[in-house]
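# Structural overview for review
These are the residues of each chain, in order.
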Amino acid sequence: MTVLGHPRSRNCQWLPLLMLLLGTGQETGVEGVTHYKAGDPVILYVNKVGPYHNPQETYHYYQLPVCCPEKIRHKSLSLGEVLDGDRMAESLYEIRFRENVEKRILCHMQLSSAQVEQLRQAIEELYYFEFVVDDLPIRGFVGYMEESGFLPHSHKIGLWTHLDFHLEFHGDRIIFANVSVRDVKPHSLDGLRPDEFLGLTHTYSVRWSETSVERRSDRRRGDDGGFFPRTLEIHWLSIINSMVLVFLLVGFVAVILMRVLRNDLARYNLDEETTSAGSGDDFDQGIIVMALLGMFNVHRHGAINSAAILLYALTCCISGYVSSHFYRQIGGERWVWNIILTTSLFSVPFFLTWSVVNSVHWANGSTQALPATTILLLLTVWLLVGFPLTVIGGIFGKNNASPFDAPCRTKNIAREIPPQPWYKSTLIHMTVGGFLPFSAISVELYYIFATVWGREQYTLYGILFFVFAILLSVGACISIALTYFQLSGEDYRWWWRSVLSVGSTGLFIFLYSVFYYARRSNMSGAVQTVEFFGYSLLTGYVFFLMLGTISFFSSLKFIRYIYVNLKMD
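So, here is what we can say about the structure in this document. Since we're looking at a predicted model, the values are computed, not measured.

### Some remarks on the sheet that holds strand β12 (residues 173–180)
Strand order across the open sheet formed by four strands is β6-β14-β11-β12, with mixed pairing between neighbours. In this open sheet, the two strands that pair with only one neighbour each are β6 (101–111) and β12. Here the strands of the sheet are splayed against their neighbours by 20° on average, with no regard to which way each runs. Bridge count between strand β11 (residues 162–170) and β12: seven bridges; the pairing is antiparallel. Looking across to β12, one finds that L167 is bridged to A177. Along the sheet, helix α3 (residues 113–124) contacts β6 and β14 (198–210); its crossing angle with β6, the most-contacted strand, is approximately 125°.

This is how it looks when you write it as structure tokens:
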């Protein structure tokens, strides 16, 4: 249930956004640590509020009836922060470096019954707030709710009207910031008559302490005194278990496949010496060395958002090149339509999904709704960078394509396909080909969902990259095995079957998202539900495109190998 109205309008700055997309902008909290002198003012920005269990349902802090300046001045934000729903504005809190404050009055307020009811609903939905001090977030709950007993039943709701800020410094830099209500009694919001006003006095205290921690990296963003949970110990054990399972699976499939394939090649009078000499090159298992160190500052989700947009725009040329190169190889002539289809295959479903989700956020006044200037900027990036690079890559791919070199002669008349057993049907192949890669990432998928749709803090990007490599390896191996079993039944229609078999992993991921929403999360409400299922469906589609492509080219490489080594037509 939405308890807030529409946010106040604000003007976004174009220059920082364009600089960020060009790689010259600076993400908040990455390197911009401010140096202070004793007594220097420290600005505290209010940011957003929202239900604790709905991470993507956020609203501007000043949409609540709280202490607010007469003229609201917003902070200029990066593109990543805007996409993350941040809407920072200056507050009435007066904080000076290394100067303690004891119970200073922030403001006096007279709340109407409607405003009190708005606060009551927010507290019942476990609304939390987020402030930012020197690029460090501090979070706390708006109020306090207590339910006890059955007969008689008590339901008490209180508002925190006093906040204790604790800041740690080292030299002239702020290292850590936190907010507490440990020794504070909440102001009761119960028993107010409809025509009665509630008088409140908001106060705050500031306590400074020196710390021996020299670098802010030891207290990453999200490390706010345990406000959000962490389960890294369980994570490591689960990852090791997943790795062992995947290695056993890949080894099993590889050994069985090689033994069966060798026997079949022998039936076609394959020279044993040729087999020994050729297999070492074509079936060689490569070793991936991972060196992902410091790619993202993990305490800012905005950094990942910005990097994702920039990488997508700059790598559009790769998709254009690969698509046009292969399309021309197999004799395609309508290469212009091929490029349009390539650039639309992801961008159109993404735009449609985003349009629905953003409209729901806008209708409910959420800060996750993008401002018009940001929408125009993203559209400009796609039109001026993404689409032109796709066309350029497509032109290079078309011009560099050579005729498709079939490994053997083919007949003009298609061979009759004998009846196939039920376990070689497309549905069974999709089930097996989708479930096995999904099982390889199921453990890691939980932690990714808990990070994106929950409150976990994910930092193991090296492990994530390793699991991603395992996913691709398992998908390629399963695709080769299923394609071989299909060909062994004299069914040569492997092209789309290979795409669907492993690409169906996306369907399993979407089904897992349904399970996660129903059984592993406390998300609720129209805003969060539409965003969750919209982007979960899009995620499954992306995995379908990615793994379907890997599956097809793996099967193509495998088929070329076996037919090149056959001596008979």
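Now, onward.
### Overview of the sheet that holds strand β10 (residues 154–159)
One open sheet holds the three strands; their spatial order is β9-β10-β13, and the pairing between them is antiparallel. The sheet is open, and its two edges are formed by β9 (143–148) and β13 (187–188), each paired on a single side. In the sheet, β9 pairs with β10 via six bridges, with the strands oriented antiparallel. Bridge assignment links S148 to a residue of β10, and that residue is S154. Across the sheet, α3 lies against β9 and β10, angled at about 110° from β10, the strand it touches most.

### Quick look at the state of the cysteines
Counting across every chain of the model gives one disulfide. At a sulfur-sulfur separation of 1.7 Å, the disulfide partner of C67 is C107. Its torsion about the S-S bond being -65°, the disulfide of C67 and C107 is classed as left-handed. Taken together, the residues span a long stretch of sequence, with C67 in the loop between β3 (59–60) and α2 (79–83) and C107 in strand β6 at a distance of 40 residues.

### Digging into the packing of aromatic side chains
Between two aromatic rings, the relevant description is the distance of the centres plus the angle of the planes. Tallied over the full model, the rule gives 44 aromatic pairs. Taken together, a centroid distance of 5.4 Å and an interplanar angle of 20° make the contact between Y36 and F97 stacked. With a gap of 61 residues between them, Y36 in the loop between α1 (14–21) and β1 (41–42) and F97 in the loop between β5 (95–96) and β6 connect regions that are remote in the sequence. For the pair Y36 and F97, one class covers both residues: buried. Geometrically, the ring pair formed by W422 and Y423 is edge-to-face, given 5.8 Å between the ring centres and 85° between the ring planes. For W422, a relative accessible area of 65% corresponds to the exposed category. Its relative accessible area of 46% is what places Y423 among the partly exposed residues. Its end group placed over the ring of W335, K398 keeps NZ or CZ at 4.8 Å from the ring centre. Between the NZ or CZ atom of R560 and the centre of the ring of F404, over which it lies, the distance is 5.5 Å.

Parameters and conventions
Residues numbered from 1 in each chain as written. Predicted model: local features only at pLDDT ≥ 70, side-chain atom pairs only at ≥ 80, totals over all residues. Heavy atoms only, no water. Pairing = 2+ DSSP bridges. Helix = DSSP H or I, 4+ residues; strand = E, 2+ residues; numbered from the N terminus. Axes fitted to C-alpha atoms, helices over the stretch in contact; angles between N-to-C directions. Contact = heavy atoms within 4.5 Å. Disulfide = S-S within 2.5 Å. Phe/Tyr/Trp six-rings, centres within 6.5 Å; stacked < 30°, edge-to-face > 60°. Buried < 20%, exposed > 50% of the residue type's maximum accessible area, 1.4 Å probe, protein only. Lys NZ or Arg CZ within 6 Å of the ring centre and 35° of its normal.

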